[in-house]
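An overview of the molecular structure
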Amino acid sequence: MVARLVIAAPSSGAGKTTVATGLMAAFADRGLAVSPHKVGPDYIDPGYHALATGRPGRNLDAYLCGTELIAPLFAHGARGCELAVVEGVMGLYDGAAGQGELASTAQVAKLLRAPVVLVVDASSQSRSVAALVHGFASWDPEVRIGGVILNKVATDRHERLLREALEESGVPVLGVLRRAPAVATPSRHLGLVPVAERQAEAVDAVRAQAEQVRAGCDLEALLALARSAPALSHAPWEPDVVGRPHAGGGGVVPTGPALRNDGPRPVVAVAGGPAFTFSYAEHVELLKAAGAEVVTFDPLRDEQLPDGTRGLVVGGGFPEVYAPELSANESLRKAVAELARSGAPVAAECAGLLYLARSLDGKPMCGVLDADARMTGRLTLGYREAVAVGDSPLAAAGTRMRGHEFHRTVLEPGAGATPAWGMVRPERRVEGFVHQGVHASYLHTHWAQRPEVAARFVEACRA
């Protein structure tokens with residue numbers, strides 16, 4: 001049994017990431033094998049979690065993957081660990097818009113039967129904190145709030161007032177953190193700055209967070225609370241087995257056989273480095289299980305694709321921040337264009353879509369797509385349900401998948417472009433490109449919901 005805690009808050013900005021990352025690092029420093037998890041589609045926080053624990057940060061998203069996969073994915077990531085820390089998303093009860101508790105931290109906590117620690121920004125309140133905590137603790141009787149950590153506490157007197165108020169709530173105070181600018185992590189237009197862009201500073205920030213948590217939190221009480229979680233009976237998710245219900249509907253892929261991995265092992269190049277940091281750990285695991293040899297490369301520095309590349313995956317990130325450097329790497333841009341022209345499978349999401357375009361903010365990109373991209377001040381954000389419009393190396397026509405959009409760019413496509421997806425919820429529209437072997441779209445997807453897409457992609461690479 002893995003001891004586990006869910007770190008939640010009444011709203012965004014309360015300090016969940018600081019507390020969760022600090023706890024992960026503090027417990028890892030004590031010699032515990034700590035498994036880090038993040039509720040929701042966020043790619044950036046798991047990078048800090050990985051830095052704190054030395055293990056891949058993993059996402060638990062009930063919208064993208066379906067409620068039935070949350071516990072198995074958790075068990076897969078936590079295998080061999082003594083403690084798991086799950087950082088929540090937004091406010092405790094906030095989830096997919098208009099769909100009740102779906103994809104909320106509360107729902108994930110219930111699926112994992114895990115106690116919740118509520119992080120409260122106490123900077124502008126005293127006795128009212130008791131009413132706030134009481135409300136969250138009593139809203140859903142299936143959610144067990146095992147304690148509260150008070151963040152941004154100003155003085156000893158302020159702490160005393162807060163503690164006195166919370167004595168009446170029945171929820172124990174497990175930590176008090178003072179205001180500490182040194183542990184803050186810089187943000188940008190889409191959230192925190194990823195670890196890959198500030199490695200040395202990120203290491204210092206995680207150390208500072210761990211020290212703040214050690215100084216202000218009762219680690220023994222938190223560990224005891226984590227160990228009070230009951231055993232889970234779910235078998236761990238395996239990347240080499242096809243056969244589970246799909247989050248986006250469309251039935252069940254027949255169970256077994258394992259994803260084919262008995263043929264040639266084609267090289268699949270996966271973009272990484274500071275410009276392309278958005279990826280789920282399960283994608284690479286699925287590609288490998290399907291028989292691919294996965295090689296990571298950095299489009300900012302590598303002038304050629306990995307030797308023998310038969311397929312290309314370019315995920316999300318911040319190409320708009322690195323547009324001049326990406327454009328300056330002309331030899332790699334030409335190599336990507338040549339690979340795409342050969343008909344080799346190419347899967348691109350969001351940042352990858354921009355990189356394949358003709359230009360980004362006026363800077364030449366790979367020119368694979370007849371489209372130009374530019375930054376705007378408008379944020380496109382939210383969960384989506386989509387259907388593949390036509391056949392591609394990633395998905396057969398009619399394949400239903402759930403995804404997430406998160407960008408401030410727009411793409412101006414040329415005439416006659418074939419879309420990748422038809423969006424069916426929350427609005428009806430078409431989006432993305434399918435051309436020869438290329439499947440490019442703004443939609444971020446989690447392949448665990450449909451592991452056959454990895455098998456299809458690798459099989460196309462073999463062909």
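Residues numbered from 1 in each chain as written. Predicted model: local features only at pLDDT ≥ 70, side-chain atom pairs only at ≥ 80, totals over all residues. Heavy atoms only, no water.

Focus on the nonpolar core
In terms of nonpolar packing, the biggest core is built from 112 residues, with Leu92, Leu150 and Leu287 touching the most fellow members. The contact partners of leucine 150, leaving out residues within four places of it in the chain, are Val120, Val129, Leu162, Leu166, Val173, Gly175, Val176 and Leu177. Of all hydrophobic cores here, the second largest spans 40 residues; its members include Val336, Ala351, Leu369 and Ala373. (Core = buried A, V, L, I, M, F, W, Y, C linked by side-chain atoms within 4.5 Å. Buried < 20%, exposed > 50% of the residue type's maximum accessible area, 1.4 Å probe, protein only. Contact = heavy atoms within 4.5 Å.)

Things to note about the sheet that holds strand 5 (residues 116–121)
In any sheet, the strands associate via hydrogen bonds between backbone groups, in a parallel or an antiparallel arrangement. The strand order across the open sheet formed by 7 strands is 3-2-4-1-5-6-7, and the pairing between neighbours is parallel. Of all the strands in the sheet, the pair left with one neighbour each is strand 3 (58–60) and strand 7 (173–178). The average undirected angle you get between the axes of adjacent strands in this sheet is 25 degrees. Looking at chain direction, strand 6 (residues 145–153) and strand 7 are connected through 4 bridges and run parallel. The residue bridging valine 148 from the neighbouring strand is valine 173, located in strand 7. Relative to strand 1 (residues 3–8), helix 9 (residues 219–227) is tilted by about 110 degrees, and along the sheet it contacts strand 1, strand 4 (83–87), strand 5, strand 6 and strand 7. (Pairing = 2+ DSSP bridges. Helix = DSSP H or I, 4+ residues; strand = E, 2+ residues; numbered from the N terminus. Axes fitted to C-alpha atoms, helices over the stretch in contact; angles between N-to-C directions.)

Concerning the pattern of salt bridges
Throughout the structure, instances matching the rule amount to 26 salt bridges. Among the salt bridges present, the one from aspartate 29 reaches arginine 214, with a minimum N-O distance of 3.0 Å. Of this pair, aspartate 29 sits in helix 1 (residues 16–29) while arginine 214 sits in helix 8 (residues 199–216); the two residues are 185 residues apart in sequence, bridging distant segments of the chain. The exposed category is assigned to aspartate 29, whose relative accessible area is 55%. (Salt bridge = Lys/Arg side-chain N within 4 Å of Asp/Glu carboxyl O.)

Re the pairing of strand 5
For strand 5, the buried fraction is high: 5 of the 6 residues fall into the buried class. Read from strand 5 through helix 6 (residues 128–139) to strand 6, the crossover connection turns out right-handed. (Right-handed = clockwise from strand over helix to strand, strands pointing away.)

Observations regarding unusual backbone geometry
In the segment running from arginine 425 into proline 426, the intervening peptide bond is cis, with an omega of 5 degrees. Look at aspartate 361: it is not a glycine, yet its phi comes out positive at around 50 degrees. Along the chain, aspartate 361 turns up in the loop between strand 14 (359–360) and strand 15 (363–364). Phi at glutamine 436 takes a positive value of approximately 50 degrees, unusual for a residue other than glycine. Within the element layout of this structure, glutamine 436 appears in the loop between strand 20 (433–435) and strand 21 (438–441). Here glutamine 436 falls in the exposed class, since its relative accessible area comes to 52%.

Quick look at the confidence of the model for the protein chain
Of all residues in the protein chain, 92% have pLDDT values of 70 or greater, and the mean over the chain is 92. Below a pLDDT of 50 lies the segment residues 243–258, which in the model reaches 42 contacts outside its immediate sequence neighbourhood of four places, other chains included. (pLDDT = per-residue confidence, 0-100.)

Points about the packing of aromatic side chains
One pass over the structure, following the stated rule, counts 7 aromatic pairs. When the centroid spacing of 4.9 Å and the interplanar angle of 10 degrees are considered together, the rings of tyrosine 43 and phenylalanine 278 count as stacked. Of this pair, tyrosine 43 sits in the loop between strand 2 (34–39) and helix 2 (45–53) while phenylalanine 278 sits in the loop between strand 10 (267–271) and helix 10 (281–289), placing them 235 residues apart in sequence. Overall, the relative accessible area of 7% leaves phenylalanine 278 in the buried class. Aromatic pair tyrosine 93 and tryptophan 139: ring centres 6.4 Å apart, planes at 55 degrees, arrangement tilted. Remark: tryptophan 139 occurs in helix 6 and tyrosine 93 occurs in the loop between strand 4 and helix 5 (105–112); sequence separation between them is 46 residues. One aromatic cluster in this structure is built from Tyr43, Phe278, Tyr280 and Phe318. (Phe/Tyr/Trp six-rings, centres within 6.5 Å; stacked < 30°, edge-to-face > 60°.)

Some details on the environment of alanine 351
Along the chain, alanine 351 turns up in helix 13 (residues 351–356). C-alpha of alanine 351 to C-alpha of lysine 152: the two residues are 199 residues apart in sequence and 35 Å apart in space. Sequence-distant contacts of alanine 351, defined by excluding residues within four places in its chain, comprise Phe276, Gly315, Gly316, Gly317, Phe318 and Pro319.

A look at the sheet that holds strand 11 (residues 293–297)
The strand order across the open sheet built from 6 strands is 11-10-12-13-21-20, with neighbouring strands paired in mixed fashion. Both outer strands of the open sheet, strand 11 and strand 20, are each paired with one neighbouring strand and no more. Strand-to-strand twist across the sheet, computed as the mean angle between neighbouring axes with direction ignored, equals 15 degrees. Bridge analysis of strand 12 (residues 309–314) against strand 13 (residues 346–349) gives 3 bridges, and the strand direction is parallel. Across the sheet, valine 313 pairs through a bridge with alanine 347, a residue of strand 13. Relative to the sheet, helix 10 contacts strand 10, strand 11 and strand 12, its axis offset from that of strand 11 by approximately 140 degrees. In the packing of helix 12 (residues 330–341) onto the sheet, contacts are made with strand 11, strand 12, strand 13 and strand 21, and the angle to strand 12 comes to roughly 110 degrees.

Points about helix 2
Since there are 3.6 residues in each turn of an α-helix, residues three or four apart along the chain are aligned in direction. The set of residues buried in helix 2 consists of Asp45, Pro46, Tyr48, His49, Ala52 and Thr53. Seen end-on, helix 2 carries its buried residues on one side only, within an arc spanning 155 degrees. The positive-phi residue at the C-terminal boundary of helix 2 is glycine 54, with phi of around 75 degrees. (Arc of directions from axis to C-beta.)

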